[in-house]
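So the chains spell out like this:
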Amino acid sequence: MEGENNMEQLNFQNEIETVLRQARKERGHVNILIAGRTGVGKSTLINSVFQGDFAETGQGKPVTTGTTKITKENIPLSIYDTRGLEMKDYKETVQELKDLIKKLSTNDPNDHIHAAWVCIAEPSARIEVAEQDLVKMLSKEGIPVIVVITKATSYNKDFKRKVEDILQEARKVICVNSIETRIENNDEEIVIKPKGLDKLVEVTSQVVPDGQKSAFIASQKVDIEKKKSESLRIVGRAAALAAGIGAVPIPFSDAVSIVPIQIGMIAKISAIFGLPINIAFMHTMLASTITGSVGTITGKAIVSNFLKILPGFNISAGVVHAAVASGITTTFGQAYITVLATLFIKNNGVPPTGEEVLKAFKEQYEKSKSESKHEEHDQESESKHEEHDQESESKHEEHDQESESEQDK
Ligand SMILES: Nc1nc2c(ncn2[C@@H]2O[C@H](COP(=O)(O)OP(=O)(O)O)[C@@H](O)[C@H]2O)c(=O)[nH]1
Ligand SMILES: [Mg+2]
């Protein structure tokens, strides 16, 4: 008996490791080159766009005289921060960059430079040969270039037109003001809000290769809707997988087979929101969500508790059907996304801790349970718009609610 349990535990642990490795692999890694004169606002821009005060708290490692590679744990992003364009011998900087790009063109697409932001400050209102040479070189090397006009606080479009004219190889020129700025205008103080960051994120996510899109969406903090829609795609895929497993109704005791799918889903969604993908985090999440205490993860313990807390699963039925398996997955995934997005917005783009996520998830879960009770009345009119999956799910929910209210008495 003992040995059997240990075996099961071991296999399950392995299975989770495999699932997490897969999640990390699928997310990939994105590399962005940011170049511009000292003081144009590169670091400020990086901190405004990416998670976790990236430029400030990230690890910097010099890779050439002018370029520092910045990375941070759990964020699938490397920033190559290049200065030195202001110097007389800027040609050396450009040549060094060219060599670096060649060196990074390995067989692994996660090593490549996927996009470049060339920064020019609006107040300087000047484009020098250094920037022209750099943009030419980058686009020649096949790197999509976005020119960022930083500190763009004026509403005058003349400089932007001039930049578009001169730096024709650029895919796009975008005016950005990274931080709230106060300027004096005839004794009046005007506050200019950050602007253009969303556009920069949108355009960049379009130019990076498909394999790096997830990593980019995960790393940025400007567009939370993007994180949500990317996560919903993950839920859709997981639900389809779970439905495949449940296609032949599986006995409850075998329902453990759908748990790795849920874990993979939770790991991938966590990753999109910039939370760690590692066994310790998943352990905290799963063990305490499910059993209410942090304990050892064993397959059967998880699955029985897991299915108990999820709406739509009728334990007394004894088997798991396809619609139920996919319904559980969808409900769980959507609740998790709602929780992360809410916390993310509340925290102003700072990823929540595991404990915060747990607490909010429990609250959200209670809420969705009580909401589904009120929804009963509206179900008839709503079900017309719903998909088949959800229809059958709500049928199972009714059963659940019955047995629940019996328990309540
Ligand atoms: N108003 C305003 N100031 C900025 C902006 N970006 C940077 N700055 C300021 O410009 C200075 C230099 O910025 P920094 O990011 O260190 O430039 P870097 O040398 O290119 O990394 C700092 O005082 C920033 O606060 C911006 O978009 N708007
Ligand atoms: Mg800097």
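Residues numbered from 1 in each chain as written. Chains lettered and ligands numbered in written order. Predicted model: local features only at pLDDT ≥ 70, side-chain atom pairs only at ≥ 80, totals over all residues.

### Topic: the overall build of the chain
For the chain, the helix and strand inventory stands at 16 helices and 11 strands. Taking all 409 residues of the chain together, the buried fraction comes to 39%. A separation threshold of at least 6 residues defines the contact pool for the chain, and within that pool the share at least 24 residues apart is 70%. (Helix = DSSP H or I, 4+ residues; strand = E, 2+ residues; numbered from the N terminus. Buried ≥ 20, exposed ≤ 12 C-beta atoms within 10 Å, placed from the backbone. Contact = placed C-beta atoms within 7 Å.)

### Overview of helix α13 (residues 322–346)
Each turn of an α-helix holds 3.6 residues, which means side chains three or four residues apart point in the same direction. Helix length check: α13 (25 residues) gives 36 Å between terminal C-alpha atoms against 36 Å at 1.5 Å per residue, within 8%. Positioned one or two residues after α13, N348 has a phi angle of 60°, which is positive. (Expected span 1.5 Å × (residues − 1).)

### Section: the pairing of strand β7 (residues 172–175)
In this structure, strand β6 (residues 145–150) lies alongside β7, joined through four bridges in parallel fashion. Its bridge partner being in β7, I146 is matched across the sheet by K172. Regarding topology, helix α6 (residues 158–166) serves as the crossover connection from β6 to the parallel β7, and that connection is right-handed. (Pairing = 2+ DSSP bridges. Right-handed = clockwise from strand over helix to strand, strands pointing away.)

### Concerning the site of ligand 1
Taken together, 15 residues form the shell around ligand 1, and within it G41, K42, S43, T44 and T181 come nearest. Counting residues per element, the shell around ligand 1 draws most heavily on helix α2 (residues 42–49), at three residues. Its residues assigned to classes, the shell around ligand 1 shows two nonpolar, 11 polar and two charged. (Near = placed C-beta within 6 Å. Nonpolar A, V, L, I, M, F, W, Y, C, P; charged D, E, K, R; others polar.)

### A look at the nonpolar core
Core analysis: the largest hydrophobic core is formed by 89 residues, its most contacted members being V118, V147, V148 and I149. Examining the composition of this core, we find that 10 residues originate from one element, α13, more than from any other. The residues that make up this core include at least three from each of domain 1 (28–219) and domain 2 (223–408). (Core = buried A, V, L, I, M, F, W, Y, C linked by C-beta atoms within 7 Å. Domains from an automatic or database assignment.)

### Points about the packing of helix α9 (residues 224–245) against α13
For the pair α9 and α13, the least separation of the axes is 8 Å and the interaxial angle reads 160°. Compared by their axis directions, α9 and α13 come out roughly antiparallel. As α9 packs across α13, the resulting crossing turns out to be right-handed. Of α13, the residues touching α9 (which contributes I224, K227, K228, S231, L232, V235, A238, A239, A240, A242, A243 and I245) are A322, A325, S326, T329, T330, G333, Q334, I337, A341, F344 and I345. In terms of residue class, the contact of α9 with α13 is made up of 15 nonpolar, six polar and two charged. (Axes fitted to C-alpha atoms, helices over the stretch in contact; angles between N-to-C directions. Parallel < 35°, antiparallel > 145°, perpendicular 65-115°, else oblique. Left-handed = near helix turned anticlockwise from the far one by under 90°.)

### Brief notes about helix α4 (residues 90–104)
With 15 residues, α4 extends 21 Å from end C-alpha to end C-alpha; this agrees with the ideal 21 Å at 1.5 Å per step. Among the structural elements, β3 (67–72), β4 (75–82) and α5 (129–140) are those in contact with the buried residues of α4.

### Re the packing of α4 against α5
Orientation of α4 relative to α5, taken along the N-to-C sense of each, is 15°, at an axis distance of 10 Å. Here α4 lies roughly parallel to α5, going by the angle between them. Crossing of α4 over α5 shows right-handed handedness. For the pair α4 and α5, contact is made by Y90, V94 and K98 and by A130, D133, L134 and M137, respectively.

### Here we look at unusual backbone geometry
A positive phi angle, close to 50°, is found at A125, a residue other than glycine. Structurally, A125 is set in the loop between β5 (115–121) and α5.

### Quick look at the pairing of β3
Two strands pair when backbone bridges link them, and strand β2 (residues 59–62) and β3 are joined in this way by four bridges, in the antiparallel orientation. When the bridges of β3 are listed, Q59 appears paired with T71. The turn linking β2 back onto β3 is made up of four residues. Pairing between β3 and β4: six bridges, direction antiparallel.

### Details of the environment of I46
Residue position: I46 is located in helix α2. Note: C-alpha distance between I46 and Q220 (174 residues apart in sequence) is 9.4 Å. Ignoring any residue separated from it by four or fewer positions in sequence, one finds I46 in contact with I34, F54, A55 and I79.

### Side note on the sheet that holds β5
Ordered in space as β2-β3-β4-β1-β5-β6-β7, the seven strands form an open sheet in which the pairing is mixed. Each edge of the sheet is formed by a strand with only one pairing partner; in this case those strands are β2 and β7. Strand-to-strand, the axes of this sheet are offset by a mean angle of 25°, without reference to chain direction. In this sheet, β5 lies alongside strand β1 (residues 30–35) in parallel orientation, the contact comprising four bridges. Residue pairing across strands places L33 opposite A116, the latter belonging to β5.

Keep in mind these values describe shape, not function.
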